[in-house]
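As a plain string of letters, each chain reads:
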Amino acid sequence: MLPIDGKTSSVNSNTQMRDSNVFDDLTCLNGFKFVFHVQLRESVDQFDIAKIIKKQIVDSIYSSEEDRGKAYILLNEIMKRERCLVLLDGLDEWIGTGEPREIGTRHNLPKLADVHSHCVLLITTRPWKMTGAKILDSQIDKLLQLDGVKNVFEASRKILGCRKDCKKRQDLDKKQSEFELYVQKYGLLEPLHFPMMLCLIVQLWAEGTELKGSKCEMYSFLLDSLFKKATSEPSEFQEPTYRCFTETQYIQPNIEHLNRLAEAAFDLLFSDTQNKALVFTTKELKKYNLGELDQNNVALKSGILSTKRQEPTLRALPSFSFIHKSIQEFLAAYHIARITHLNLIDDVISGYLDRHEDAYLDVSQVFIFLCGLDIMSANKLSGMMDERNNACVKSRCVKSCFDTIKLCEIILQGYREAVANEQTNIALTLSHMFYWRDNIRELDSLKNDVRDLHSVWKNNTRNLLSLDLRIDNLIDFNRLFAFRGGSPAIAEPTSHIEFDMSSCHRLEYLDLGGNGIWLKDSDSAARSEQPVWIVLESSNPVLSSIKHISLGHIKCSSTWLNSLFSTLLTLDHEVQVGLDQCDISSRIEGAFNRMIDASIATDVNKCLNLTNLDYCEVLDAQVVELLFKSVQLETLNIQLNARNDIDPSLWDALNSLTINRVTLSLDNVLNSVWYGPIVNNVSMLSQALLSNNTETIFIYLNAQPYLMDAMHGLPIISLSLFGSGEGLDINHVASLQKLLFSLKQLEKISLLQSNESPGLWEALHNLNIKSLSLNYRDVHNLSSFAQFLASLTHLETLNIRVEYGSHLGLCDALHGLNIKSLSLNDSMGNGQLTFTKPWSRLFQSLTQLETLSIGITDWSKVEASAFFQAFHGLNIKSLSLNGYMFFGLEECTSWHCSQLFQSLIQLETLSMRVSRRNFNLWDLETLSMRVSRNFNLWDSLRGLHITRLSLSGVQESLKVNNAELLSQSISSLTLLETLTLHVFAYIDLQLPQSLKYFNFYCTGISPPELRDLVKALSACTQTVESKLEFGCARCIYKDNRSRTTLFPPEEYIPVQLELTVQRNITVKRFRILDRIRADRWYESADSAWSVRDNVAVENDDYDDGIVDDDTYDLFVRHLDSDFKFLDIRIKNRISMRVQSHAASNS
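Residues numbered from 1 in each chain as written. Predicted model: local features only at pLDDT ≥ 70, side-chain atom pairs only at ≥ 80, totals over all residues. Heavy atoms only, no water.

Visitor: Sorry if this is basic, but what is going on with the overall build of the protein chain here?
Guide: Secondary structure summary: the protein chain contains 36 helices and 38 strands in total. A buried classification covers 55% of the 1146 residues belonging to the protein chain. Here the analysis covers contacts within the protein chain between residues at least 6 apart in sequence; of these, 71% occur between residues at least 24 apart. Entry remark: accessible area of the protein chain is about 51,300 Å², with carbon and sulfur atoms responsible for 48%. (Helix = DSSP H or I, 4+ residues; strand = E, 2+ residues; numbered from the N terminus. Buried < 20%, exposed > 50% of the residue type's maximum accessible area, 1.4 Å probe, protein only. Contact = heavy atoms within 4.5 Å. Areas by Shrake-Rupley, 256 points an atom, 1.4 Å probe, with all protein chains shown as cover.)

So, in structure tokens, the structure goes:
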């Protein structure tokens, strides 16, 4: 392969065209000593690159074995020592070797030997191969999409400049201008990017033949021009069977040759052995009666078939291939259309699709051609392709979303081809429709696309399973479309295109996004300039199978949303609705539009669950009314995070809604969760009393006295008080104090937003509560606050959320308390916990303190020396450190951590929940970019005298790069009795001999890894009770990249059977669980799972000493958090209880 010299000269000096840099190969290729070009279609069974080069290049140059042997040695030395470019052409025409399920034997890419590391690989392929072959990102340094001819009109000008009628500059300019108008009129710009088609289209047009955009027509003329080389006498079809043959002149005289070539093209393309699909010998071609395959053969003379000389050996046969794969695909489609009586779709192609994974995308060009030749066959083939894609989507493969996008593009191209060839009865099947357009500047293009999408959609309303439609960044809204559901359309301008959703009974996923979409009320006369409208008729419920609706950057009214939720509540299943920065308008006089981010889930018992209010810092009356004003509800569950506050207007708004029960959940991520019903009136109080009295009841501090009177003496254990920020008058103080002292079972009070005044703290004086939670930002009257804390003589647990201002007063107020547990959380990430000397004095004064929990969102704002000094030498038994950017401490080293842990001589339990969010913090050899390069968290754990250790993530599993160091540190904990790990991938552990209880929660463990884990447990010299919980998958985490492969749960059963015969292992539980729905935060973690199979030898609920409910809940609830941006869901998990006995007793 020779480098192109970088220049191409003008072909006619009279055209006054200058030399131009068409190619820039030379600059790049100068960096390589050798360039090797091989065609992968010639070596489909070979995966070793060196052997491919030997066969295709060396063997074609040398004939004797001796010469070849010398050349092989030279080739090896060149590839070892010199910088070489290896061009592997046609990955999509190469099949690789090995079984797909066997790790290490499936070659998705040709393999380059390690000693040839100086070589650079340049691989060409059709785009579908990049998704179908499961090629990892780590295997690709750069991914380039070849667009073809860079400037098609510059190239067309050069071709036209070769014609006699374009000798003069003015003639060429006129001809070029006319050609460009022709291309724009018939939408031919895309095929012009392909050199072969560029020459054909320009030449045909110059000779008076105008193509109308049909690919079948283009390839018919291409074949016609090739047959012209072998036939001198033209002849046209009198009544052509196929429209694309109408104006051809050389196909009809060669129709028999064409038919035989088409049969060969089809048979070889869909043969049982893919290695003969594209390159074949005389032996394979002989049965098609193509005649003598010599220089006078029509197929070879025309150039439709090409031949390649092989090495001169006695048994060698010449190899043949079609001039281009697309020619073979067109001929194969022609053969299917011609021989309809043989039913080739059902008998041949169906089996081909069954034998080859992802082949339904590989046949895309055959399908598109078939749409223009025989629409009935194309309709049938589209059904087969859709069926294979549905199976892929159902399995929730990582690549299924990419395959769905590709299939939708293929079906749309096929539809356009059918229309261009004037086909009728077009009924192409498509169950998953996907259309995204942004930065749209030409609405003509959008109009054509949506019209085509609508035509395909009309034929699939009863088949449609998902619809993803996004139209964004529109420039001009003068031309409108319509997108409707339910009743007959209101009269609109003729340019509208109407989508009637009423018949989409199987639709499960609806994803709509972009400022080009407007959700219109059916009873509203309002109009919008958005090109896509959606109408929902509440009186005529639609989307009866819907499971998920996502609306992003869309404008709609509150009545439309209310109507949607009312409709969804009539369904017999749950529905997830996501709002992403949706612009919600209100009909309430004086109300402003509101941008809302939220997740709403419906329940079958007229229940709505509101979460993820990320952009609503304040939950107020407007948010609730916009979403639920006219919705008839039994229960509304609201979950807030640390960034959300509650506005006092919410309480009155709740009274105006037709809701029997409202519950509130507050999760500040790092610590402390409250959940329970809001009590705003006597009716809500009655509903609250029907629930479990262990729930937290939320009341408004400014609640009416009659409500407080009604609550007197109730068996309430936990109470949360919300305020408006205003002071309490003396009457409210008296009512509140009277209520609180009447609640004899009250143990916990939470002040989540207080009415700061001395009267508040006086009302809470001398309560017999054991637990108190509050926001310190609401504390301004420090003297009254300090007196209040000192009066709580039974207080054991204090949880404070710290956000703003100086904390010196807080240190004074907490000084000397007899509490046993203290939790400090900076959940807003403002770095407000500055650990100065007052903090150190405070901690030293808490002589009864046993448990200390610190939660800081951004540890990078905490100075290391002050932090470690504040906690140094405390007599605490339990320490918990939680945070998103944990150990981002400035100037922190592993020595600092080690010194701190070693100074806590009474420490028994160490718990850490950390996250990699925003930084790659878990590269555990250099843990954080903000710390010393010598820092290693696991080193700081070595040799600690703790008895309990828990390691997990904040809202996902822990991802560990250097598992070996972690294992070594754990094995050094000679007093450790209870170990809890929540990790992403399996870790080969060295367990300490002191261990008694082991909780191992893992996102995914494969069957071989499960054997290794149990083997490690059986090696223990003491009895260990183990709780093993894991997803049915294999997870790998390396170099900050994660990969996951799902396994069917049945593959774990043989492991369980093997364990039953091991003498030193007792399996108390082997339970297979299947996911039945998404997690409900307001119910137990296990409620989303159903037990399929359960094997228990003895009582498997014996958990004495092993219980770790918090980490277990975290594992179950966030099992899919690691895959939220991928199309993966752990569908099955396994729960095991294993007792390992001393190995010496086995």
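Visitor: Even after reading the chapter, I still don't get the nonpolar core, so can you show me in this structure?
Guide: For soluble globular proteins, the rule of thumb is that nonpolar side chains tend to be buried together. Within the largest apolar cluster, 277 residues are counted, with the highest numbers of intra-cluster contacts made by Met711, Phe998 and Phe1000. If you look at the next biggest cluster of nonpolar residues, it comprises 19 residues, including Val38, Ile49, Val86 and Trp94. (Core = buried A, V, L, I, M, F, W, Y, C linked by side-chain atoms within 4.5 Å.)

Visitor: Whenever I open this one, helix 14 (residues 344–355) confuses me. Can you help?
Guide: Along an α-helix, residues three or four apart share an orientation, since each turn contains 3.6 residues. Under the 1.5 Å per step criterion, the end-to-end length of helix 14 is 16 Å for twelve residues, consistent within 8% with the ideal 16 Å. Listed in full, the buried residues belonging to helix 14 are Leu344, Ile345, Ile349, Ser350, Tyr352 and Leu353. Along the axis of helix 14, the buried positions cluster into a sector of 160°, meaning they face one direction only. Among the exposed residues of helix 14, those oriented more than 90 degrees off its buried face are Asp347 and Asp354. Structurally, helix 14 contributes buried residues whose contacts are with helix 10 (255–269), helix 13 (325–338), helix 15 (359–362), helix 16 (364–373) and helix 17 (375–394). (Expected span 1.5 Å × (residues − 1). Arc of directions from axis to C-beta.)

Visitor: What is the right way to look at the packing of aromatic side chains in this model?
Guide: The way to describe two aromatic rings as a pair is by their centre distance and the angle between their planes. Counting across every chain of the model gives 26 aromatic pairs. Judged by centre distance (5.8 Å) and plane angle (25°), the ring pair of tyrosine 1001 and phenylalanine 1115 falls under stacked. Taken together, the residues span a long stretch of sequence, with tyrosine 1001 in strand 33 (residues 997–1005) and phenylalanine 1115 in helix 36 (residues 1109–1117) at a distance of 114 residues. Taking the relative accessible area as the measure of exposure, phenylalanine 1115 reaches 1% and is therefore buried. Grouped by ring-pair contacts, the aromatic residues Phe153, Phe179, Tyr182, Tyr186 and Trp205 constitute a single cluster. The ring of phenylalanine 369 is capped by lysine 215, whose NZ or CZ atom sits 5.3 Å from the centre of that ring. Directly above the ring of tryptophan 1089 sits arginine 1133, whose terminal nitrogen or CZ lies 4.8 Å from the centroid. (Phe/Tyr/Trp six-rings, centres within 6.5 Å; stacked < 30°, edge-to-face > 60°. Lys NZ or Arg CZ within 6 Å of the ring centre and 35° of its normal.)

Visitor: How should the sheet that holds strand 1 (residues 34–39) be read in this particular structure?
Guide: In sheet architecture, strand pairing relies on hydrogen bonds along the backbone and comes in two forms, parallel and antiparallel. One open sheet accounts for three strands, arranged 1-2-3; its pairing is parallel. The sheet terminates laterally at strand 1 and strand 3 (120–124), the two strands that pair on one side only. Going from strand to strand, the sheet's axes swing by 15° on average, the running direction of each strand aside. Pairing analysis gives six bridges linking strand 1 to strand 2 (residues 84–89), with the strands arranged parallel. Residue pairing for strand 2: histidine 37 is matched across the bridge by leucine 87. Packing of helix 2 (residues 49–61) onto the sheet brings it into contact with strand 1, strand 2 and strand 3, and relative to strand 1 it is tilted by some 80°. (Pairing = 2+ DSSP bridges. Axes fitted to C-alpha atoms, helices over the stretch in contact; angles between N-to-C directions.)

Visitor: Could you clarify how one ought to interpret the environment of valine 393 in this entry?
Guide: Tracing the sequence through the fold places valine 393 in helix 17. Separated by 39 residues in the primary sequence, valine 393 and histidine 432 place their C-alpha atoms 9.2 Å from one another.

Visitor: Looking at this structure, how should I read the pairing of strand 16 (residues 607–611)?
Guide: Counting buried residues in strand 16 gives five out of five residues, a clear majority hidden from the surface. Neither face of strand 16 is exposed, since Cys607, Asn609 and Thr611 on one face and Leu608 and Leu610 on the opposite face are all buried. Judged from the five bridges that link them, strand 15 (residues 594–603) and strand 16 form a sheet pairing that is antiparallel. Bridged to serine 599 within strand 16 is threonine 611. Between strand 15 and strand 16, which pair antiparallel and follow one another directly, the connecting turn spans three residues, one of which, lysine 606, has a positive phi of 50°. Relative to strand 18 (residues 633–641), strand 16 is paired through four bridges, and the arrangement is parallel. Counterpart to leucine 610 in the pairing with strand 18 is isoleucine 638.

Visitor: Would you mind going over unusual backbone geometry with me for this structure?
Guide: What you tend to see is this: most non-glycine residues have negative phi, and most peptide bonds are trans. Of note, glutamate 422 is a non-glycine position whose phi angle comes to about 55°, a positive value. You can see glutamate 422 is positioned in the loop between helix 18 (400–420) and strand 7 (432–437). Residue classification places glutamate 422 among the exposed positions, given a relative accessible area of 58%. The backbone phi angle of asparagine 766 is positive, close to 65°, even though this residue is not glycine. Asparagine 766 sits in the partly exposed class, given a relative accessible area of 46%.

Visitor: Help me out: how do you make sense of the pattern of salt bridges in this one?
Guide: Evaluation of the coordinates by the stated rule reveals 30 salt bridges. Of the charged contacts, one joins aspartate 173 and arginine 169 as a salt bridge, the two residues approaching to 3.4 Å between their closest N and O atoms. Residue aspartate 173 and its partner arginine 169 are located together in helix 6 (residues 169–186), separated by four residues, close to a single helical turn. The residue lysine 996 makes a salt bridge to glutamate 977 at a minimum N-O spacing of 4.0 Å. Of this pair, lysine 996 sits in the loop between strand 32 (978–983) and strand 33 while glutamate 977 sits in the loop between helix 33 (963–971) and strand 32; the two residues are 19 residues apart in sequence, bridging distant segments of the chain. It is possible to trace a salt-bridge network through shared partners that takes in Glu1029, Asp1086, Arg1133 and Arg1137. (Salt bridge = Lys/Arg side-chain N within 4 Å of Asp/Glu carboxyl O.)

Visitor: Can you help me understand the pairing of strand 6 (residues 319–322) in this one?
Guide: Taken residue by residue, a regular strand's side chains alternate between the two faces of the sheet. Every second residue of strand 6 is oriented toward a common face, with Ser319 and Ser321 on one face and Phe320 and Phe322 on the other, all of them buried. Bridge count between strand 4 (residues 280–281) and strand 6: two bridges; the pairing is antiparallel. Residue pairing in the sheet places threonine 281 in a bridge with serine 319 of strand 6.

Visitor: Could you clarify how one ought to interpret the packing of helix 16 against helix 17 in this entry?
Guide: Axis separation between helix 16 and helix 17 bottoms out at 7 Å; the angle between their running directions is 150°. Accordingly, the angle class assigned to the pair helix 16 and helix 17 is roughly antiparallel. Our pair here, helix 16 against helix 17, has a crossing hand that is left-handed. Facing Phe367, Leu370, Cys371 and Leu373 of helix 16, the residues of helix 17 in contact are Ile375, Ser377, Ala378, Leu381, Ser382 and Met385. Its residues assigned to classes, the contact of helix 16 with helix 17 shows eight nonpolar, two polar and no charged. (Parallel < 35°, antiparallel > 145°, perpendicular 65-115°, else oblique. Left-handed = near helix turned anticlockwise from the far one by under 90°. Nonpolar A, V, L, I, M, F, W, Y, C, P; charged D, E, K, R; others polar.)

Visitor: Sorry if this is basic, but what is going on with the confidence of the model for the protein chain here?
Guide: Low-pLDDT portions of the prediction should not be read for the details of their coordinates. Put simply, the protein chain has an average pLDDT of 78, and 76% of its residues get 70 or more. No element of the protein chain has a lower mean pLDDT than helix 4 (residues 128–132), which averages 51, and none a higher one than helix 16, which averages 96. Residue range residues 476–494 is modelled with pLDDT below 50. Its contacts to residues more than four positions away, or to other chains, number 71 contacts. Across residues 885–890 the pLDDT falls below 50, and counting only partners more than four positions away or on other chains, this stretch makes 41 contacts in the model. (pLDDT = per-residue confidence, 0-100.)

Visitor: Sorry, what's going on with the state of the cysteines here?
Guide: Here is the idea: a disulfide is a covalent bond, and it sits between the sulfur atoms of two cysteines. All chains considered together, the criterion is met by zero disulfides. Cysteine cysteine 371 is unpaired, with the sulfur of cysteine 216 as its nearest cysteine sulfur at 8.5 Å. (Disulfide = S-S within 2.5 Å.)

Visitor: Help me understand the packing of helix 20 (residues 558–568) against helix 21 (residues 621–628) in this model?
Guide: In helix packing, the relevant descriptors are the interaxial angle and the interaxial distance, both defined with respect to the helix axes. Their axes nearest at 6 Å, the elements helix 20 and helix 21 cross at an angle of 60°. Between helix 20 and helix 21, the crossing angle belongs to the class labelled oblique. Across from Ser558, Leu561, Asn562 and Phe565 in helix 20, the residues of helix 21 making contact are Glu625, Leu626, Leu627 and Phe628. A breakdown of the residues in the contact of helix 20 with helix 21 according to their chemical character gives five nonpolar, two polar and one charged.

Visitor: Explain the environment of isoleucine 345 to me, please; I cannot follow it from the model alone.
Guide: Turning to its location among the elements, isoleucine 345 is positioned in helix 14. Sequence separation between isoleucine 345 and methionine 384 is 39 residues, and the spatial gap between their C-alpha atoms is 9.0 Å. Once residues lying within four places of it in the same chain are set aside, the contact partners of isoleucine 345 are Ile336, Ser350, Leu370, Ser377, Lys380, Leu381 and Met384.

Visitor: What should I look at first to understand the side chain of serine 503 in this one?
Guide: Position of serine 503 among the secondary structure elements: in the loop between strand 8 (466–471) and strand 9 (509–513). Judged by its relative accessible area of 19%, serine 503 is buried. In terms of polar contacts, serine 503 uses its side chain to reach the side chain of threonine 461, at 3.3 Å. For serine 503, the contacting residues outside a window of four places in its chain are Thr461 and Arg462. (Polar contact = N/O pair within 3.5 Å; in protein donor to acceptor, adjacent residues only side chain to side chain.)

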